[in-house]
Amino acid sequence: MKFNTKLLHKGFNGDKETGATVTPIYQVSAFKHESPEKLEKVFNNTAPGFAYTRISNPTVSSFENRITAIENGIGTVACASGMAAVTMSLLNILQSGDEVIAGSGLFGGTIDLFGDLSSFGINTKFAKHITVEDVEPLITDKTKAIFAELIGNPALDIVDIESVASLAHSKGIPLILDSTTATPYLINPFKYGADIVIHSSSKYINGGGNSISGVIVDSGNFKWDYEKYPNLKEYSKYGKFAYLAKLRNGIWRNTGCCLSPMNAFMNSVGLETLGLRMERLCSNSYKLAKFFEDETPLEVNYPGLESSPYYSLAEKYFNGKGGAIVTIRTGSKERAFKLLNNLQIPTIATNIGDTRTLVIHPASTIYIHNTPEQMENAGVYDDTIRISVGIEDIEDLIDDFSQAIKNI
Ligand SMILES: *Cc1c(COP(=O)(O)O)cnc(C)c1O
């Protein structure tokens, strides 16, 4: 199956009980069973079934199965938010004394999270870029994970997955990728050696900006060394499912960061049009970026532009497409604010992956808690505007940016 067919039909065949064409919202907390013997089996994973929504729920499972299908993984655990997915993907394997290597151009919330983890004895070393040259010198015996954003938000730098994955594997370390901004439309990172993929499905997978959620998908390919990852040992009987089994039966369940059935439903509905939206979003983004480059004095950053230093990686991994985020530099904070105030169509909001175009001044909002150095690494300057391009008619967007720029 090709991508759009898969979105509708792979890992999903309607609701078994009723024939409902989309899995309905099972808005319940608990599931009854005919006998204590049956509930015992369900509880102990020796019979299929549902017991309690914090552990699993039919609407949530249906969403998870569809994500597994389009990401070509062996299984998915859905979380209450993208941040919960980032947190759980790491805490599932880490313990006090361990180190993580992460990109320095990460999403602001993820940078803040690494600060929180240091209180629990988990330390992060930030590589300027996630490249073999920058990462290799940071690896020690304590390094237990390499964490990167495939297309940094908002730095828009692209990771060369193959080379970084092979370095990581040569040291027995998994590569965990946040693929939120790339989406499964642009790439299946497992094909190139990523081990665990997470998404903030609040963004492009939901697509309409109407419910927060996150997913953790496992490739099943990483060979866990149970001496190096002792807290996975108990789950070794699950074979290649050990990582997922520990999440679902351990830390993810115990911290209670489950996805609500309502939000799983909204995200399943959104998922069906991911291919159509991304096609349009990438095309709009390229045209808008080209307009900034050719017809305005503003500096533009978009990996799908032939002039971008990341264009060759965009070609290698995404068929030359560049995703749906564009950043521009206006010259000063004052001019950035003026431009934002002049715009008629885009919405001023802190989100990405909506149907409508969203704009924000990251330095005064998302990055307000970060140091100037962290901001620079993330490609955020005092005059930067981030544009999460929407599906509007591109002529209208260009006309609107054109008038707003003329007026500054
Ligand atoms: C938004 C975002 C997150 C966090 O996701 P939430 O759903 O807002 O918790 C993580 N990583 C990236 C790249 C994001 O854009």
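Only a predicted model underlies this, so the values are computations on that prediction, with no experimental measurement involved. (Residues numbered from 1 in each chain as written. Predicted model: local features only at pLDDT ≥ 70, side-chain atom pairs only at ≥ 80, totals over all residues. Heavy atoms only, no water.)

Asker: What's the story with unusual backbone geometry in this structure? I'm lost.
Answerer: Backbone phi values are negative for most residues with the exception of glycine, while trans is the configuration of most peptide bonds. That bond from asparagine 153 to proline 154 is cis: its omega, 10 degrees, falls within 30 degrees of zero. Topologically, proline 154 is positioned in the loop between β4 (143-149) and α7 (161-170). One non-glycine residue, asparagine 72, lies in positive phi territory at about 55 degrees. When you line up the elements, asparagine 72 lands in the loop between α3 (58-71) and β1 (75-79). (Helix = DSSP H or I, 4+ residues; strand = E, 2+ residues; numbered from the N terminus.)

Asker: Teacher, can you tell me more about the side chain of threonine 53 here?
Answerer: Checked against the element boundaries, threonine 53 lands in the loop between α2 (36-43) and α3. There is a polar contact of 3.0 Å between the side chain of threonine 53 and the side chain of asparagine 57. (Polar contact = N/O pair within 3.5 Å; in protein donor to acceptor, adjacent residues only side chain to side chain.)

Asker: Where do I start with the site of the ligand in this structure?
Answerer: What surrounds the ligand is a group of 14 residues, the closest being Met83, Asp178, Ser200, Ser202 and Lys203. With respect to the ligand, the backbone of glycine 82 contributes an N or O atom lying 2.9 Å from an oxygen atom. In this structure, an oxygen atom belonging to the ligand sits 2.8 Å away from a main-chain N or O atom of methionine 83. When the ligand sits alone it has 380 Å² of accessible area, and the protein chains cover 91% of it. Of the residues that constitute the shell around the ligand, the class distribution is 4 nonpolar, 7 polar and 3 charged. (Near = heavy atom within 4 Å. Areas by Shrake-Rupley, 256 points an atom, 1.4 Å probe, with all protein chains shown as cover. Nonpolar A, V, L, I, M, F, W, Y, C, P; charged D, E, K, R; others polar.)

Asker: Help me out: how do you make sense of the side chain of lysine 6 in this one?
Answerer: Looking at the secondary structure, you find lysine 6 in helix α1 (residues 3-9). Glutamate 71 provides the closest opposite charge to the buried, salt-bridge-free lysine 6, at an N-O distance of 8.5 Å. Ignoring anything within four residues of it in the chain, the contact list for lysine 6 reads Met1, Ala69, Ile70 and Asn72. (Buried < 20%, exposed > 50% of the residue type's maximum accessible area, 1.4 Å probe, protein only. Lys, Arg positive; Asp, Glu negative; His and termini not counted. Salt bridge = Lys/Arg side-chain N within 4 Å of Asp/Glu carboxyl O. Contact = heavy atoms within 4.5 Å.)

Asker: Looking at this structure, how should I read the sheet that holds β4?
Answerer: Paired through backbone hydrogen bonds, the strands of a sheet run either parallel or antiparallel to each other. Sheet architecture is open: 7 strands sit in the order β1-β7-β6-β5-β4-β2-β3, paired in mixed fashion. Sheet topology places β1 and β3 (123-127) at the edges, where each strand pairs with a single neighbour. With direction set aside, neighbouring strand axes in the sheet form an average angle of 20 degrees. Note: strand β5 (residues 175-178) against strand β6 (residues 196-199), 3 bridges, orientation parallel. Pairing of isoleucine 176 across the sheet is with isoleucine 196, part of β6. (Pairing = 2+ DSSP bridges. Axes fitted to C-alpha atoms, helices over the stretch in contact; angles between N-to-C directions.)

Geometric descriptors of this kind do not, in isolation, establish any biological role.
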